[in-house]
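# Structural overview
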Amino acid sequence: MAYVRTVKTASGARAVQIVHSQHRGSRDIEHIGSAHTDADLELLKAVARQRLAAGQGELDLCLPGSPANQGAALPITSSRMGHLLDALSRGYEVLGFGPATGRDEVFRALVLARIIEPTSKLDSLRVLAEAGLDPPSYRTVKRRLRVYAGADQSPDDAGQGRDEVGPAGGRWRAQLARACAEHVRLGPTTLLLYDVTTLYFETDEGDGFREPGFSKERRLEPQITVGLLTDGSGFPLMVHAFEGNRAETTTMAPVLRAFLDAHRLSDVTVVADAGMVSDANKRAIEAAGLSFILGARVPDVPYVVAAWRDAHPDAEIPDRHVFIQPWPAGPGDKRRDHTIYYQYRADRARRTLRGIDTQITKAENAVAGKTSVKRNRYVRLTGASKSVNRTLETKNRALAGIKGYVTNLPNPDPAQVIGAYSRLLQVEKSFRMSKTDLAARPIYHHTRESIEAHLTIVFAALAVARWIENTTGWSIKRFVTTARRYRTITIQAGDHAITAADPLPDDLQTALDAVHGGTH
């Protein structure tokens, strides 16, 4: 007896299967495919019913020797997400990842699977099979992870040719980074954006690498810290993993040093948030001869702002007004002249003042004994007495709407400096893509080697995804969700192989034309 059933996969998709029950309870399960939409589910069910109901309502193609003329169902010999696979493969090759990895087909398959449906390495084989590719064995995948992590070749690789093994293990991610750098055409005018994020693990104990630390997601589990370097558009150039309890400010110098050494750059402009900047980082950037645009901490009301308010006691600072404060280097300073900009934004001030009002109300209630004393910066404790810190309130209200930027560029333009700094949003977008669209959080990995390999795959997948977005103007989620629905099916009719495919909508066809028509 045979019947069609639907089961839910670990990734949340719905798999359609034909179950063939045998004698004494044994079963043979034929996997038809996995659906992510109701339309795909109905299509897969129709295919399953067609396989079960052989000879019923078949189209007579009138071909000599066709099984349709003899009442048999025409077999589907292959089904492939052709448009999606070809587009992703196009991006992979345009970025130069094919030559960079020695044409390693296992790595390419894992990168494509990560974009199509991010899941575990084992389940990625199912994703590849559903997409229409011939997946490698899980044993091969596990063996290759050591190479992708940057470890030496595994014993099974010994004696094999370069075309199969690819570049030496220590150069793997460096080769990918070099390909990305060549793609964006690095030069003296290139902006390098740097930021960090954290990836947590569902485990209770640290191991020296996965360690509890300051979490961007406010979690208590062990984590790792990931530093990402991109160009001005957010295209990834280099990724590094650090211990989860490592301070963010100590990650910037090693990443920049490795990047500059790899590409022999004499001068680029580094852009980073104030949280990344320490005095040591600033000195390291200056010592390397680099230009920078950094967020500046503003602990007190700047002199230029206070002077403006003294000169205009009854006026509000105009929206987007920029205060300029030169900071020339002294005779003993080993640095260039710096310029600090303070920009006032009315919308930023409004949000900040609303937050201050909320915190002050809570502080007043705590001081009055209406609520318990919780963590509140405006509650001042002196022995057993409580009071509202009005001095801090006054200072923070005076700073509302003010943001600082510091640069060592010669003759800087305020609009260009602030505009370049705002591009850090592109790094945050890349982090969001990594965590959501590409599911970067490696919950299935436990050793540093496998985690590093996972990040290498995610790094390459992020680069391909950003290329798709830049080329088509679509988000990677929209592109994958739309393109995967249009499959190319091969049907065997006697001695003839017939290829069938649904017509593409105009917007998808336009996006695919952009992918295959340009190289940037």
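In case you missed it, the structure is sitting above this.
Per chain, residues are indexed from 1 in the order of the written sequence. In keeping with the model being predicted, local features are shown solely for residues with a pLDDT of at least 70 and side-chain atom pairs are shown and tallied solely at 80 or more, while totals for entire chains, interfaces and linings include all residues. Hydrogens are left out, water is left out, and the side-chain values use all remaining heavy atoms of the structure.

Moving on to unusual backbone geometry. With phi around 60 degrees, Arg 103 is a residue other than glycine that occupies positive phi space. Tracing the sequence through the fold places Arg 103 in the loop between helix H3 (97-100) and helix H4 (105-116). Buried means the residue's accessible area, taken with a 1.4 Å probe over protein chains only, is under 20% of the maximum for its type, while exposed means over 50%, and partly exposed covers the values in between. Under the relative-accessibility criterion, Arg 103 is labelled partly exposed at 46%. The phi angle at Arg 320 is positive, at roughly 70 degrees, despite the residue not being glycine. The way it works is that DSSP assigns letters per residue, a run of H or I at least four long becomes a helix, a run of E at least two long becomes a strand, and they are numbered from the N terminus. Mapped onto the secondary structure, Arg 320 falls in the loop between helix H11 (303-311) and strand S10 (322-327).

We now examine the pattern of salt bridges. Salt bridges are defined as contacts in which a side-chain nitrogen from Lys or Arg sits within 4 Å of a carboxyl oxygen from Asp or Glu. Overall, the coordinates contain 24 salt bridges when judged by the stated rule. Between Asp 86 and Arg 80 there is a salt bridge, and its shortest N-O distance comes to 3.0 Å. For Arg 80, a relative accessible area of 29% puts it in the partly exposed group. One connected set of salt bridges, linked through shared partners, spans Glu 117, Asp 123, Arg 126, Glu 130 and Arg 484.

Quick look at the nonpolar core now. Residues grouped as a nonpolar core are buried Ala, Val, Leu, Ile, Met, Phe, Trp, Tyr and Cys residues, joined through side-chain atoms within 4.5 Å. Of all hydrophobic cores here, the largest spans 114 residues; its most connected members are Phe 97, Phe 107, Val 111, Tyr 148, Met 252 and Phe 479. Residue contributions to this core peak at 13 residues, all from helix H16 (residues 448-472). Every residue pair with non-hydrogen atoms within 4.5 Å of one another is taken to be in contact. In contact with Phe 479, other than residues within four places in its own chain, are Leu 84, Ala 87, Ile 468, Thr 472, Trp 474, Leu 508, Ala 511 and Leu 512.

Quick look at helix H8 (residues 172-184) now. For an α-helix, the turn length of 3.6 residues means that residues three or four places apart are oriented alike. For H8, spanning 13 residues, the distance from its first C-alpha to its last is 19 Å, which sits close to the expected 18 Å at 1.5 Å a residue. Within H8 the residues assigned to the buried category are Trp 172, Arg 173, Gln 175, Leu 176, Ala 177, Ala 179, Cys 180, Ala 181 and His 183. Any helix carries an expected span of 1.5 Å times its number of residues minus one.

Residues Thr 269 and Val 271 line one face of strand S8 (residues 269-272) and the alternating positions Val 270 and Ala 272 line the opposite face, and both faces are buried. Paired strands, in this sense, are two strands between which DSSP finds at least two bridges. Across four bridges, strand S5 (residues 191-200) lies against S8 in parallel orientation. What sits directly across from Leu 192, in S8, is Val 270. Bridge analysis of S8 against strand S9 (residues 291-296) gives four bridges, and the strand direction is parallel. Along S9, the bridge assignment pairs Thr 269 with Ser 291. Seen with its strands pointing away from the viewer, a crossover is right-handed if its path from the first strand over the helix to the second goes clockwise. At this point the chain moves from S8, through helix H10 (residues 279-287), to the parallel S9, and the crossover so formed is right-handed.

On to H4, then. Over its twelve residues, H4 runs 16 Å from end to end, which matches the ideal 16 Å to within 8%, given 1.5 Å per residue. The element H4 is extensively covered by neighbouring structure, given that eleven of its twelve residues are classed as buried. Taken together, the buried positions of H4 are Val 106, Phe 107, Arg 108, Ala 109, Leu 110, Val 111, Leu 112, Ala 113, Arg 114, Ile 115 and Ile 116. Taken together, the buried residues of H4 touch helix H2 (82-94), helix H5 (121-131), helix H6 (138-149), H8, H16 and helix H17 (476-483). Sitting at the amino-terminal end of H4 is Asp 104, which places a side-chain oxygen 3.1 Å from the backbone nitrogen of Val 106. Polar contacts, as counted here, are pairs of nitrogen or oxygen atoms within 3.5 Å of one another; within protein the pair requires one atom able to donate a hydrogen and one able to accept it, and residues that are adjacent in sequence qualify only if both atoms are side-chain atoms.

Turning our eyes to something else, we now look at the environment of Thr 490. In this structure, Thr 490 sits in strand S15 (residues 488-493). It is 6.5 Å that separates the C-alpha atoms of Thr 490 and Ser 79, two residues lying 411 residues apart in sequence. Once residues within four sequence positions are removed from consideration, Thr 490 is found in contact with Pro 75, Ile 76, Thr 77, Ser 78, Ala 497, Ile 498 and Thr 499.

Only the contacting stretch of a helix is used when fitting its axis, a line to C-alpha atoms as for every element, and angles between N-to-C directions run 0 to 180 degrees. Following both chains from N to C, one finds H6 and H16 inclined at 75 degrees, their axes separated by 8 Å at the closest point. Classified by the angle their axes make, H6 and H16 are roughly perpendicular. Listed contacts from H16 to Leu 145, Arg 146, Tyr 148 and Ala 149 of H6 are Glu 449, Glu 452, Ala 453, Thr 456 and Ile 457. In terms of residue class, the contact of H6 with H16 is made up of five nonpolar, one polar and three charged. In this scheme, roughly parallel covers angles under 35 degrees and roughly antiparallel covers those over 145, while 65 to 115 is roughly perpendicular and the rest are oblique. By the convention adopted, Pro, Cys, Tyr, Trp, Phe, Met, Ile, Leu, Val and Ala count as nonpolar, Lys, Arg, Asp and Glu as charged, and the other residues, Gly among them, as polar.

Two aromatic rings from Phe, Tyr or Trp, using only the six-membered ring of Trp, form a pair when their centres are within 6.5 Å; if the ring planes differ by under 30 degrees the pair is stacked, by over 60 it is edge-to-face, and anything between is tilted. Taken as a whole and judged by the stated rule, the model has seven aromatic pairs. Aromatic side chains Phe 107 and Tyr 148 sit 5.0 Å apart centroid to centroid with 65 degrees between the ring planes, which places their arrangement in the edge-to-face category. One end of the pair, Phe 107, is in helix H4; the other, Tyr 148, is in helix H6, with 41 residues separating them in the sequence. For Phe 107, a relative accessible area of 0% gives the class buried. Between the aromatic rings of Tyr 148 and Trp 172, the centroid separation amounts to 5.0 Å while the plane-to-plane angle is 45 degrees, which identifies the pairing as tilted. On the criterion of sequence distance, the pair formed by Tyr 148 in helix H6 and Trp 172 in helix H8 is long-range, its members being 24 residues apart. Taken as a pair, Tyr 148 and Trp 172 share a single burial class, namely buried. Through a chain of ring-to-ring contacts, three or more aromatic side chains come together here, namely Phe 107, Tyr 148 and Trp 172. Sitting over the ring of Phe 201, Arg 210 keeps its end group 5.3 Å from the ring centre. By the criterion adopted, a ring carries a charge over it if an Arg CZ or a Lys NZ lies within 6 Å of its centre and within 35 degrees of its normal.

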